[in-house]
Amino acid sequence: MRNTIDFAPYRRSSIGFDRLFDLFDNIARAEAADGYPFFDVEQRGEDAYRISVAVAGFTRDEIEITTKLNLLVVSGAKPDLGEQRQFIHRSVAALPFERQFQLADNVQVVGASLENGMLAIDLRREVPDSVKPRKIEIGNDNGQQHRLASVETSKAA
């Protein structure tokens, strides 16, 4: 039984909301995923975050971190060693994986480290100056603003 919602009718009649519908689809897919590898998301400050991914058995060379537009992809794969190793018991899975994280606008990856089987990815929200709120100074009323408004009103008439 499918637990997702079909957004196709809304996509046909909505313009500019494609990313929103894609986000809903990705969330539904992520919830259906098997949950491997386990991860934590931690807020470390007002604009700082850390994603910690449990990658026991993987080395730095076997893990890849990539970013695309508002998407962080963490993947890992062990090289095929064939039948060189014979296990009596195996609990450390070391299965190939790919984990995706949706990033908000202006969130950038600032670093990553691997220690004791935990991959830590540091993120920071860096809002550009053009988007930040700014204070507008109120100047002297020398009639210029009033004349501008009256010109726009006369154009509308």
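In case you missed it, the structure is sitting above this.
Residues numbered from 1 in each chain as written. Predicted model: local features only at pLDDT ≥ 70, side-chain atom pairs only at ≥ 80, totals over all residues. Heavy atoms only, no water.

S.K.: What exactly am I supposed to notice about the overall build of the protein chain here?
M.R.: Check the secondary structure of the protein chain and you find 3 helices and 7 strands. For the protein chain, the sequential pattern of α-helices and β-strands runs α-α-β-β-β-β-β-β-β-α. Evaluated residue by residue, the protein chain yields a buried proportion of 20% over its 157 residues. Excluding contacts between residues fewer than 6 apart, the proportion of contacts in the protein chain whose partners are at least 24 apart in sequence is 50%. Accessible area of the protein chain: about 12800 Å², with a carbon and sulfur share of 51%. (Helix = DSSP H or I, 4+ residues; strand = E, 2+ residues; numbered from the N terminus. Buried < 20%, exposed > 50% of the residue type's maximum accessible area, 1.4 Å probe, protein only. Contact = heavy atoms within 4.5 Å. Areas by Shrake-Rupley, 256 points an atom, 1.4 Å probe, with all protein chains shown as cover.)

S.K.: Sorry if this is basic, but what is going on with the nonpolar core here?
M.R.: Val55, Leu72, Val74, Leu119 and Leu123 are the most contacted members of the largest nonpolar core, which has 17 residues in total. Looking at this core, the elements with two or more residues in it are strand S2 (48–54), strand S4 (71–76), strand S5 (97–102), strand S6 (107–115) and strand S7 (118–125). Setting aside residues up to four positions removed in sequence, leucine 123 forms contacts with Asp47, Ala48, Tyr49, Ile51, Leu72, Leu103, Val107, Gln108, Val109 and Val110. (Core = buried A, V, L, I, M, F, W, Y, C linked by side-chain atoms within 4.5 Å.)

S.K.: So what exactly am I meant to see when it comes to the side chain of arginine 99 here?
M.R.: Its place among the elements puts arginine 99 in strand S5. Classification of arginine 99 as buried rests on a relative accessible area of 10%. In this structure the side chain of arginine 99 is engaged in a polar contact, spanning 3.0 Å, whose partner is the backbone oxygen of proline 37. In this view, arginine 99 contacts Gly35, Tyr36, Pro37, Phe39, Leu72, Val73 and Val74; residues no more than four positions away in its chain are not counted. (Polar contact = N/O pair within 3.5 Å; in protein donor to acceptor, adjacent residues only side chain to side chain.)

S.K.: Please explain the pairing of strand S3 (residues 63–68) as it appears in this structure.
M.R.: It is a general feature of regular strands that their side chains alternate between the two faces of the sheet. Where S3 meets S4, 6 bridges bridge the pair, whose relative direction is antiparallel. Each residue of the ladder has a partner; that of lysine 68, found in S4, is leucine 71. (Pairing = 2+ DSSP bridges.)

S.K.: Please explain the packing of aromatic side chains as it appears in this structure.
M.R.: Enumeration according to the criterion identifies 3 aromatic pairs in this entry. A ring pair is formed by phenylalanine 58 and phenylalanine 97, whose centres lie 5.3 Å apart and whose planes are at 90°; its orientation type is edge-to-face. Here phenylalanine 97 lies in strand S5 and phenylalanine 58 lies in the loop between S2 and S3, a separation of 39 residues in the sequence. Phenylalanine 97 shares its class with phenylalanine 58; the two are buried. (Phe/Tyr/Trp six-rings, centres within 6.5 Å; stacked < 30°, edge-to-face > 60°.)

S.K.: Quick question: what am I supposed to make of the pattern of salt bridges here?
M.R.: It is possible for side chains bearing opposite charge to pair when their charged atoms get close. Throughout the structure, instances matching the rule amount to 4 salt bridges. For the salt bridge of glutamate 42 with arginine 44, the shortest nitrogen-to-oxygen distance reads 3.6 Å. Residue glutamate 62 is joined to lysine 78 by a salt bridge in which the shortest nitrogen-to-oxygen separation is 3.1 Å. Of the two residues, glutamate 62 is situated in the loop between S2 and S3 and lysine 78 in the loop between S4 and S5; the sequence distance between them amounts to 16 residues. We classify lysine 78 as partly exposed; its relative accessible area is 32%. (Salt bridge = Lys/Arg side-chain N within 4 Å of Asp/Glu carboxyl O.)

S.K.: Would you mind going over the sheet that holds S3 with me for this structure?
M.R.: What links the strands of a sheet is backbone hydrogen bonding, and the strands pair in either a parallel or an antiparallel sense. Read from one edge of the open sheet, 3 strands run S3-S4-S5, paired in antiparallel fashion. Edge strands, defined here as strands with exactly one partner in the open sheet, are S3 and S5. Across the sheet, the axes of successive neighbouring strands diverge by a mean angle of 15°, strand direction being ignored. (Axes fitted to C-alpha atoms, helices over the stretch in contact; angles between N-to-C directions.)

S.K.: What should I look at first to understand the side chain of glutamate 62 in this one?
M.R.: In this structure glutamate 62 comes out as buried when scored by relative accessible area, which is 15%. Within the structure, the side chain of glutamate 62 is placed 3.1 Å from the side chain of lysine 78, a separation counted as a polar contact. If sequence neighbours within four positions are ignored, glutamate 62 has contacts with Gly57, Ser75, Gly76, Ala77, Lys78 and Pro79.

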